[in-house]
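Chain by chain, the residues run as shown.
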Amino acid sequence: MCGIIGYAGHRPAVPIIVEGLKRLEYRGYDSAGVTFAQHDELHVIRAEGKLCELETRLNGQDMFHATTALGHTRWATHGLPVERNAHPHRDPGGRLALVHNGIIENYQPLRKRLKDKGRTFFSDTDSEVLVQLIAELWTSDITLREAFSKALAQVEGTYAAALLNLDEPNKIWAARKSSPLLLGVGVGENFVASDIPAFLGYTRDVVFLEDGELVELEPFSWQVFDAATLEPLEKKVHHITWDFQAAQKGGYRHFMLKEIFEQPAVIANCLAGRVDGKALSVTLPELESLPVPAQIQIVACGTSYHAGLWGQHLLESWAKIPVRVEIASEFRYRNPLFMPDDLVLAISQSGETADTLAGMRLAKEHGVPVLGLCNVLGSSVTREADGVIYTQAGPEISVASTKAMCSQLVLLTLLALYWGRRKGTLAREVETSIITGLLGLPQVLEAELPRLRGTAQELASEYSTANSFFYLGRGPAYPLALEGALKLKEISYIHAEGYAAGEMKHGPIALIEPEFPTFALALNDALLPKVVSNLVEVQARNGRVIALCQSGFELTVDHAWEVPQVYGPLNSFLALPALQLFAYEMAVYLGKDVDQPRNLAKSVTVE
Ligand code: AGP
């Protein structure tokens with residue numbers, strides 16, 4: 001996620017902006033920049049890489065007379081993380097400078113329309129389109145506030161945007177839609193920022209902007225408007241008592257919890273620009289030029305491997321494409337066989353996992369095209385793959401991967417829909433049901449997460465003494481069982497085994513006893529009766545059972561943990577956070593270091 005900070009006040013603004021950007025570093029970024037007006041010029045200074053690069057660029061700059069400025073840390077979504085794509089972006093006339101966080105889904109048609117009017121672009125970003133659109137619409141008969149409003153009305157997608165104007169150098173205009181933006185209200189100074197830590201050192205009085213609101217602020221005043229009608233709005237000023245660390249986690253105790261609760265927004269971001277809610281269709285421009293693969297070999301590690309196993313079910317049943325899913329560290333040493341028209345799909349949140357990269361390179365040595373499914377722009381996977389599709393989940397700070405897997409499942413669903421549509425193997429009513437279900441998921445999950453957490457807390461106190469856990473599932477729920485076991489292992493250090501439920505009879509059931517409980521995925525699908533019979537066998541041996549289930553099916557287990565019914569395999573998007581929250585609450589109950597578990601790294605860049 002990008003970071004935005006703006007300051008209008010009585011102090012030299014640029015040092016405050018740089019300090020605020022440092023407070024937003026936890027959000028992850030790959031370039032940064034500032035803008036300020038001085039000596040009748042709107043200066044824009046940007047740098048690729050970390051903030052120290054920007055500070056080097058700022059050294060020696062004459063900037064201490066500027067008491068209003070904007071700053072931005074960029075987490076690249078459109079356009080590589082290079083200086084020309086860094087924010088702020090200026091209009092060619094040099095009178096406006098803008099920073100933006102979000103995704104402008106219709107930036108290409110807007111860009112074309114502006115280019116057709118003779119406008120020249122200097123970056124590959126969607127954000128530059130917005131500042132150029134404002135400049136285009138800002139005619140002499142309207143105010144900048146009105147031009148900003150008119151431009152936002154033409155934008156589809158998400159934004160938190162802030163704007164400077166050389167003609168009114170002590171003012172800042174800002175607006176939000178689905179990307180966080182808030183005001184810091186000081187004495188003779190005001191702030192706008194993506195998150196509270198950016199200005200917490202100067203004020204604890206905060207105004208939260210809502211979607212569709214626009215603010216105009218200067219050192220001694222601020223006013224919020226309805227972005228469409230420009231009607232002035234009354235807003236409440238909240239007093240924040242958090243410390244810095246709590247503020248970086250948005251008030252959550254751990255980044256892992258914050259990222260679990262970000263999953264509704266992650267699903268929405270993943271779908272943005274890829275799903276047409278009216279036509280109920282999927283477009284993946286990244287893949288238009290690629291043929292539909294005859295076979296897919298998925299290569300990944302850990303959680304990403306589990307996502308691949310889950311995606312196999314959808315790709316094979318909806319797109320009728322044979323899929324092999326390989327643990328990268330095995331694949332790279334096995335001399336795998338490739339067929340003509342194979343595609344290797346490398347799934348990696350970080351894009352830096354050594355075994356996954358090695359698997360990709362092996363495929364490329366055999367002339368097999370590689371598609372990267374990745375969360376980090378500019379990472380090694382994205383640079384070495386022949387094509388890339390981004391999960392757009394924002395930076396994942398917690399070592400235990402949560403929202404990244406959610407975004408991987410969304411993209412695998414979209415791949416199965418997209419290739420199924422191209423091959424004509426997917427019935428239209430199934431396609432429309434899935435897409436409708438996907439579009440409704442963020443709201444369902446947003447409502448359900450607090451309840452899921454409450455149940456996870458109750459179960460954690462009861463099961464925290466367990467020495468081992470079985471996680472059982474069948475079909476698409478089998479990879480979820482593997483993932484649930486991995487989460488429990490890696491943050492609570494309790495031994496856990498994920499198993500295909502049908503495998504229990506082939507040996508593992510010998511381990512069942514009350515101190516070795518079972519966590520079952522007993523979701524409403526065709527395999528549920530089989531799972532139920534497995535659970536009967538477990539209970540016949542005094543094994544305790546927690547079963548994630550859905551309404552409409554009576555289960556006699558120790559804890560029936562009900563999640564809402566959604567279409568088909570989309571129930572995984574409700575089961576996954578339940579598994580994550582159970583592991584999280586167990587680890588918290590046991591006093592473990594949730595965000596930085598022992599022995600683990602966020603990205604395994606060595607073998
Ligand atoms: C997940 O919770 C683990 N931290 C780990 O298994 C991780 O998924 C694995 O190392 C793969 O990482 P990647 O997705 O960045 O390639």
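As shown above, the structure is provided for reference.
Below is a summary of the structure that appears in this document. For every chain, the first residue of the written sequence is number 1, and numbering continues from 1 onward in sequence order. This being a predicted model, a pLDDT of at least 70 is required before a residue's local features are given, and a value of 80 or more before pairs of side-chain atoms are given or counted; all residues contribute to the totals for chains, interfaces and linings. Calculation of side-chain values draws on the structure's entire complement of heavy atoms; hydrogens and water are dropped beforehand.

## Looking at the overall build of the protein chain
Labels follow the DSSP assignment, with helices taken as runs of H or I lasting at least four residues and strands as runs of E lasting at least two, numbered in each case from the N terminus. Helices and strands together make up the secondary structure of the protein chain, namely 17 helices and 27 strands. Dimensions of the protein chain along its principal axes, counting C-alpha atoms only, are 80 × 55 × 45 Å. Sorting the 607 residues of the protein chain into buried and exposed places 60% on the buried side. Residues are treated as being in contact if the distance between any of their heavy atoms lies within 4.5 Å. A separation of at least 24 residues holds for 70% of the contacts in the protein chain among residues at least 6 apart in sequence. Per-residue accessibility, obtained with a 1.4 Å probe over protein chains only, is compared with the maximum for each type, and a residue is labelled buried under 20%, exposed over 50%, and partly exposed between these values.

## Some thoughts on the environment of Lys50
Structurally, Lys50 can be placed in the loop between strand S3 (41-48) and helix H2 (51-58). For the pair Lys50 and Ser31, spaced 19 residues apart in sequence, the C-alpha to C-alpha distance is 6.2 Å.

## Side note on the pairing of strand S25 (residues 518-522)
Across the five residues of S25, five count as buried, placing the element largely inside the fold. Here S25 shows no split at all, with Thr518, Ala520 and Ala522 on one side and Phe519 and Leu521 on the other all buried. Between any two strands, at least two bridges found by DSSP are needed for them to pair. In terms of strand pairing, S25 meets strand S26 (residues 545-550) through five bridges, oriented parallel. By the bridge assignment, Leu521 is partnered in S26 with Leu548. The parallel pair S25 and S26, bridged by helix H16 (residues 528-539), forms a crossover whose chirality is right-handed. By the criterion used throughout, a crossover qualifies as right-handed when its path from the first strand across the helix to the second strand runs clockwise, the strands pointing away from the viewer.

## Quick word on the sheet that holds strand S18 (residues 295-300)
Each strand in a sheet pairs with its neighbour through backbone hydrogen bonds, running either in the same direction (parallel) or in the opposite one (antiparallel). The five strands are arranged S19-S18-S20-S21-S22 in an open sheet whose pairing can be described as parallel. The open sheet has two edge strands, strand S19 (323-327) and strand S22 (387-390), and neither has a second partner. Strand-to-strand twist in this sheet, taken as the mean axis angle between neighbours without regard to direction, amounts to 20°. Direction of pairing for strand S21 (residues 370-374) relative to S22: parallel, over a ladder of four bridges. Axis definition: a line fit to C-alpha positions, over the contact stretch in the case of helices; interaxial angles, taken between N-to-C directions, run 0 to 180 degrees.

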